[in-house]
Amino acid sequence: MLILGIETSCDETSASLVEDGKKILSNIVFSQIEIHKKFNGVVPELASRNHLVKIIPILQEALQGFDWKDIDAVAAVNGPGLIGSILVGFTAAKGIAYARHKPLIPVDHISAHMYAPHLFHEIEFPYIGLVVSGGHTLLFLVHSFSQFEMLGSTMDDAVGEAYDKTARVLGLGYPGGPLIDSLAKKGNLERLPDWMDIPLLLPDKGKDRYNFSYSGLKTAIAYRLKKFDLNEENIPDVALLFQEKAIEMLLRKSRNALKDFQIRRLVVSGGVAANSHLRKKLDDLKKDSIEVFTAPLEFCTDNAAMVAGRGYADYQLGKIGDLRTEVYSRLPFVKKGKK
Ligand code: KG4
Ligand code: ZN
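Read on for a plain summary of the structure. Nothing here was measured: the structure is a model prediction, and the numbers come from that model.

Reading the values: rules and limits
- Residues numbered from 1 in each chain as written.
- Chains lettered and ligands numbered in written order.
- Predicted model: local features only at pLDDT ≥ 70, side-chain atom pairs only at ≥ 80, totals over all residues.
- Heavy atoms only, no water.
- Buried < 20%, exposed > 50% of the residue type's maximum accessible area, 1.4 Å probe, protein only.
- Helix = DSSP H or I, 4+ residues; strand = E, 2+ residues; numbered from the N terminus.
- Pairing = 2+ DSSP bridges.
- Right-handed = clockwise from strand over helix to strand, strands pointing away.
- Core = buried A, V, L, I, M, F, W, Y, C linked by side-chain atoms within 4.5 Å.
- Contact = heavy atoms within 4.5 Å.
- Near = heavy atom within 4 Å.
- Polar contact = N/O pair within 3.5 Å; in protein donor to acceptor, adjacent residues only side chain to side chain.
- Areas by Shrake-Rupley, 256 points an atom, 1.4 Å probe, with all protein chains shown as cover.
- 1 Å grid on protein atoms, 1.4 Å probe; cavity = no way out; pocket = protein on both sides within 12 Å on 5 of 7 lines; lining within 4 Å.
- Sits in = over half its atoms within 2 Å of the grid points.
- Nonpolar A, V, L, I, M, F, W, Y, C, P; charged D, E, K, R; others polar.
- Domains from an automatic or database assignment.

### Remarks on the pairing of strand 9 (residues 265-269)
Right, on to step 1. The buried fraction of strand 9 amounts to five of the five residues, a majority that puts the element mostly inside the structure.
Right, on to step 2. Direction of pairing for strand 6 (residues 127-132) relative to strand 9: parallel, over a ladder of four bridges. Across the sheet, the residue bridging to Val131 is Ser269, located in strand 9.
Right, on to step 3. Pairing between strand 9 and strand 10 (residues 291-293): three bridges, direction parallel. Bridging across to strand 10, Val267 finds its partner in Phe293.
Right, on to step 4. With respect to chirality, the unit in which strand 9 leads through helix 9 (residues 276-287) into the neighbouring parallel strand 10 is right-handed.

### Description of the nonpolar core
Right, on to step 1. Core analysis: the biggest nonpolar cluster contains 52 residues, and Ile128, Tyr214, Leu250 and Leu266 have the highest contact counts within it.
Right, on to step 2. When contributions to this core are tallied by element, the ones reaching two or more residues are strand 6, strand 7 (137-142), helix 5 (159-169), helix 6 (176-184), helix 7 (215-227), helix 8 (235-260), strand 9 and helix 9.
Right, on to step 3. Per element, the largest residue contribution to this core is 13 residues, and it comes from helix 8.
Right, on to step 4. Ignoring sequence-local partners within four residues, the contact set of Ile128 consists of Leu139, Phe140, Leu141, Leu151, Ala257, Leu258, Phe261, Ile263, Arg265, Leu266 and Val267.

### As for the site of ligand 1
Right, on to step 1. Neighbouring ligand 1 are 19 residues; His113, Gly134, Asp164, Asn275 and Asp302 lie closest to it.
Right, on to step 2. With respect to ligand 1, the side chain of His113 contributes an N or O atom lying 3.0 Å from an oxygen atom.
Right, on to step 3. Protein coverage of the free-state accessible area of ligand 1, which is 550 Å², stands at 90%.
Right, on to step 4. Taking a 2 Å distance to the grid points as the criterion, the majority of the atoms of ligand 1 fall inside the largest pocket.
Right, on to step 5. Elements with a contribution of two residues or more to the shell around ligand 1: helix 4 (109-115), helix 5 and helix 6.
Right, on to step 6. Class assignment for the residues of the shell around ligand 1 results in five nonpolar, eleven polar and three charged.
Right, on to step 7. In terms of domain composition, the shell around ligand 1 takes at least three residues from each of domain 1 (2-114 + 299-316) and domain 2 (123-294).

Written out as structure tokens, the structure reads:
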């Protein structure tokens, strides 16, 4: 079954053709980073306007060499994300489905991220699923494609958002994740004074055993910088300090879930899964006989291949939409703030 996937939930316009949820025949991604860079973050109105400009050329590029009759269904993200941006991609999908008499598969963006490693690996259920992106930090117990429980989430900022905000504090620009990641490689914590250290964030006791919190980390860095003479030479050290703490929390909470549910399989997805420090630490988990699955770097950040793949799984489950299917901006089960 050949599925056309469409992703426009944030600042990437992407279209992809995937066969049977596995074989990627095309995956075209246009990133709007250059457009949003000067604002130090994504401007929603600019994002939707630029999706409008790009959606047709990107679709044409992804479909090159294929005929409409080869395509069995159209899958597009209908949430969560920037509502104006999602509307562009999802409305395009509705138009294609209507004009070409193809089934329309509405795809949840988070489920699509979680599917990305499945494009490349055979992964058995159950597993612990960690989704780490610019908008979400979520921990799931995944029983199957249709059955999963949310164990924890961030109570404030998402980890990718914390990367982006801390990069701003350090004067590095946007997007902060890759910038901090590459600078941190040159960092050395021993060069930092003791008072720069940050204590353990969000301990594992009680209801917060699987939850995350990132606004405290970002603020702790900002406060320490008031007394610290930040310069070209020591920026990598501060970047490393932030990165070690940010990634440590992801691993600690994931380990809690693996241990409590006696599961030896972890699937990590979302833009922050491209982080080199996290990937190295995940390799260490493998030494403890935990199977760890991630997607190649370019399939961690937003792309339409993961949407087409997830669309295939959803189609098998009978999750098909129509012209009345709505778009949404937030996950209904995630509530930020103290629980
Ligand atoms: O999944 P994604 O492309 O979009 C959302 O669904 O949010 O994730 C984007 C986020 C951004 O916050 C970006 O800074 C972060 O992923 N990111 C990284 C890295 N590459 C992208 N964070 C840390 N290290 C990276 N190498
Ligand atoms: Zn995403």
